[in-house]
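Summary of structural features
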Amino acid sequence: EAIKKIEDTVGHELTQKLKDLCHLNILITGKSGVGKSTLINNIFMEELAKEDVGEPVTKEISALTKESIPLTIYDTPGIELDPAQQKKLIHDIFDLISELRKTKDVNKCIHCIWYCIHCGSSRLEESEIQFINNFTNDSQLGKTPVIVVMTQCYADDNRVQLKRVIASKVNNIVGIVPVVAKDKSFGKFIVPSYGLDKLVDV
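Described in the following lines is the structure provided in the data block.

Spatially, the 6 strands line up as an open sheet ordered 2-3-1-4-5-6, and their pairing is mixed. Single-partner strands in this sheet number two, and they are strand 2 (62–65) and strand 6 (175–178). Sheet twist, expressed as the average angle between the axes of neighbouring strands with direction ignored, equals 25°. Each of strand 1 (24–30), strand 2, strand 3 (71–75), strand 4 (112–118) and strand 5 (146–151) is contacted by helix 3 (residues 36–44), which is oriented at about 170° to strand 3, the strand it contacts most. Sheet strands in contact with helix 4 (residues 83–102) are strand 1, strand 3 and strand 4, and its direction is about 175° off that of strand 1.

Shown next as structure tokens:
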């Protein structure tokens, strides 16, 4: 039924491409509070990840899917200041990627990692550089591509500065994509969402 609706809207050619598309699996990670859940929900255009303020919502790695879309996003707990939590999270992510690779099924493997950084900080902490490098420098992961997603990019100056810092500090990433996942109101001024289409393209 979903394919029929798409076919009626966009035609047979695109429908065939969707039928032929393998299942895409993306793992998303980053510090607590950077807006991972907001990003996920606006990619899917549905509230699949719980959004909240204060205490971190995601407690363990969870697979999020939507019927009729060949995509699974693995949402991870936010990275905390506690070194022990960071070490455990890295271990859990490595284990997940390794276990899915052992299936030798291209539809189950993790195809890329989105590492989210809050654009408002305009800086990249050393712990984040090390965290990203755990994935970009480890040959055992099969060089899983890492895309840095700059979230909540409301100010041009912050976006330009942080993008420059990331490019100079982090090696072997395949892209840096600034986004505003959903419209943000500042009084009478509204920053419209942007960048999601670019992220999907990358």
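Further notes follow.
Listing the buried residues of helix 5 (residues 126–136) in full gives Glu128, Ile129, Phe131, Ile132, Phe135 and Thr136. Buried positions in helix 5, seen along its axis, are confined to an arc of 165° and lie on one side of it. The elements touched by buried residues of helix 5 are strand 1, helix 4, strand 4, strand 5 and helix 6 (156–169).

What follows concerns the environment of Leu100. In this fold, Leu100 is placed in helix 4. Residue Leu100 is classed as buried on the basis of its relative accessible area, which comes to 14%. When sequence neighbours within four positions are dropped, the list of residues in contact with Leu100 reads Tyr74, Lys108, Cys109 and Ile110.

What counts and what doesn't
Residues numbered from 1 in each chain as written. Predicted model: local features only at pLDDT ≥ 70, side-chain atom pairs only at ≥ 80, totals over all residues. Heavy atoms only, no water. Pairing = 2+ DSSP bridges. Helix = DSSP H or I, 4+ residues; strand = E, 2+ residues; numbered from the N terminus. Axes fitted to C-alpha atoms, helices over the stretch in contact; angles between N-to-C directions. Contact = heavy atoms within 4.5 Å. Buried < 20%, exposed > 50% of the residue type's maximum accessible area, 1.4 Å probe, protein only. Arc of directions from axis to C-beta.

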